[in-house]
Amino acid sequence: MSQGFGVLNVSKSLPSGDVSDKSAGTRVAQIVSVSGSQAVGVLDGQRTAEGRIGGARVEIGAMMKVVTPHAAVVAIVSAITCPIPDQSKRAQSIELIELILAGEIKPDRTTRRIVFKRGVASAPSVGDGVYFATSQDLELVYANPDTSTIDVGHLYQDERVPARLVVDELFGKHFIVVGATGCGKSSAVSCILQAVLREHHSAHIVVLDIHHEYPAAFGGLAELIEPSLLRLPFWMMNFEELALALVGDDEHRDAEVEILGDAVLAAKRRYSDSQAGRLRRSHESGAVTVDSPLPFRLSDVTAHIDEHLGRLERTHVVLPLRRLKNRIETLVNDPRFGFMFGSLVIEDTMGDILGRIFRIPIDGRPITVINLALVPAEILDIVISVISRLAFDLAVCSEGAMPMLLVCEEAHRYAPATADGRFLPTRRALARIAKEGRKYGISLALITQRPSELDQTILSQCSTVVAMRLTTERDQQVIRANSQEGVLDFLDFLPLLADREAIILGQGVAMAMRVTFKDIGVSGSLSASQKSYSTAWKNPTMNREALDGVIRFWRRGSKS
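Here's a quick rundown of the structure. Quick caveat: nothing in here was measured; it's all calculated off a predicted structure.

### Some remarks on the packing of helix H6 (residues 253-274) against helix H8 (residues 298-309)
Then, number 1: Between H6 and H8, the shortest axis-to-axis distance is 8 Å and the interhelical angle comes to 125°. Considering their axes alone, H6 and H8 lie oblique with respect to each other. The handedness of the crossing between H6 and H8 is right-handed. Mapping the contact onto sequence places Ile259, Leu260, Asp262, Ala263, Val264, Ala266, Ala267 and Arg270 in H6 and Asp300, Val301, Ala303, His304 and Ile305 in H8.
Then, number 2: Residues belonging to the contact of H6 with H8 are distributed by class as follows: 9 nonpolar, 1 polar and 3 charged.

Given below as structure tokens:
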């Protein structure tokens, strides 16, 4: 880690828009080549045996500045080479550093204040000096006082400088957190969300917790929805989602879909009629359709099917009807699906359900953590599809009055890159948010260990990338292909990152940076979910009584 940076204070050395070598401190190198956004410098010869210049080591990833007559160009070291080593002890070695030019520090034309801006107008030239960036320089680059930011850790090259993310750019658009298993993705996400909640008490954040990792991360700020308390009634699905849950995937699918459509429409009309004028007044605009979010009874759906069964005699027509009815009855009687199909009383509770999930009113809990760990795999994608679609529809119908963030853990599982009809509604719901959500104040935070397996349309819409340790070349290539930064060489560090370290690129940061996230402590960390084999295997952890309890829980879908 590079410490002891040079002494140049840009805010003092640029008051007149001019910088000279005399005020820049100890020089590290001299520019000998410039090509586009890259430059090459020859390292100065006065170095210690440890390779230090002016008390600091030149390392890959270190931030430098190239002093030009009108600005200090900020650059990142991407490579260090020695093409002509000193082997004879007679001649001095020639050592080169390769630099990526990222932005510049100079006076603002209007205010004359010293500011950092991306892009380089005053390009370096041969002979310009290269210097270590000081802590003051780093703070000027990454902590713009005129921008709302959050502190999530510290810069890799200087622990004294906080790593700050730009709130409106990060949360107002979509971002993705990628990394291999165990590198700390969930801890990083918790750190980011904790930081924003400390200063934004009226946020609306929904976390789709696939592995039950987040309950301890937010304390009393979170509304925790456990599987036993989750209520997402079937009648809130649109028809595509309902068909995916109720219709088989075989040669009779088209017939079953047609029958189900007629039955659902008839059931909605029957329920609407049974509520007399009260329900009609609450839904007086628009006609009832199969996609209308109106209550209906599954018993009316099966009754409609029975009515048609009584009229038919031919086997090839009767079979789809019977299969559809059996599927509905199976789901109704399965306790695992009770949160969606098990309610005996059908009421219009849409307002209560939306209010709890999306925190309206907030009541001191701006974040909702939905535990989906025990939701059956065969319906998990449908649940996520429903929640995602409801979030988008709520944002559209409220005309963006309530900005919200939807956090999707293991996003590659239910929005895969491969074309799969089973995941189509979920992919469509998330893709719609990705492409249109910004207009209505809804954004995505995607977390995945396999970015190469995530739908590329959704991935391409992420304007900020938090890249943690990635070891597979395919995943690294995908991140490079979807990063719009000019510092892609920075991503070569991905296999080398330690736990809680990340390279952050995109619009959510002032400039690409390598950071170490805060250790959020025992109460907020996710390490409790990591099982210690060395401890568990020394002593027995389960007996027959405990096994019987697990079996009861398995069969009943809830703890006794």
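### Focus on the pairing of strand S19 (residues 501-506)
Then, number 1: Burial analysis of S19 places 6 of its 6 residues in the buried class, the great majority of the element.
Then, number 2: Every second residue of S19 is oriented toward a common face, with Glu501, Ile503 and Leu505 on one face and Ala502, Ile504 and Gly506 on the other, all of them buried.
Then, number 3: Of the pairings in the sheet, the one linking strand S18 (residues 462-467) to S19 comprises 4 bridges and is antiparallel in character. Pairing of Val466 across the sheet is with Ile504, part of S19.
Then, number 4: Hairpin connection, S19 to strand S20 (residues 513-517): the antiparallel pair is bridged by 6 residues.

### Brief notes about the packing of aromatic side chains
Then, number 1: Counted by the stated rule, this structure contains 5 aromatic pairs.
Then, number 2: Between Phe234 and Phe341, the ring centres sit 6.0 Å apart and the planes meet at 5°, which makes this aromatic pair stacked. Residue Phe234 is located in the loop between strand S14 (222-225) and helix H5 (239-246), and its partner Phe341 is located in helix H10 (residues 338-341); the two are separated by 107 residues in the primary sequence. Each of the two residues, Phe234 as well as Phe341, counts as buried.
Then, number 3: Taken together, the ring pairs connect Phe234, Phe296 and Phe341 into an aromatic cluster.
Then, number 4: A cation sits over an aromatic face here: Arg514 above Tyr156, 3.7 Å from the ring centre.
Then, number 5: Just above the ring of Phe493 sits the side chain of Arg514; from NZ or CZ to the centre is 5.5 Å.

Parameters at a glance
Residues numbered from 1 in each chain as written. Predicted model: local features only at pLDDT ≥ 70, side-chain atom pairs only at ≥ 80, totals over all residues. Heavy atoms only, no water. Axes fitted to C-alpha atoms, helices over the stretch in contact; angles between N-to-C directions. Helix = DSSP H or I, 4+ residues; strand = E, 2+ residues; numbered from the N terminus. Parallel < 35°, antiparallel > 145°, perpendicular 65-115°, else oblique. Left-handed = near helix turned anticlockwise from the far one by under 90°. Contact = heavy atoms within 4.5 Å. Nonpolar A, V, L, I, M, F, W, Y, C, P; charged D, E, K, R; others polar. Buried < 20%, exposed > 50% of the residue type's maximum accessible area, 1.4 Å probe, protein only. Pairing = 2+ DSSP bridges. Phe/Tyr/Trp six-rings, centres within 6.5 Å; stacked < 30°, edge-to-face > 60°. Lys NZ or Arg CZ within 6 Å of the ring centre and 35° of its normal.

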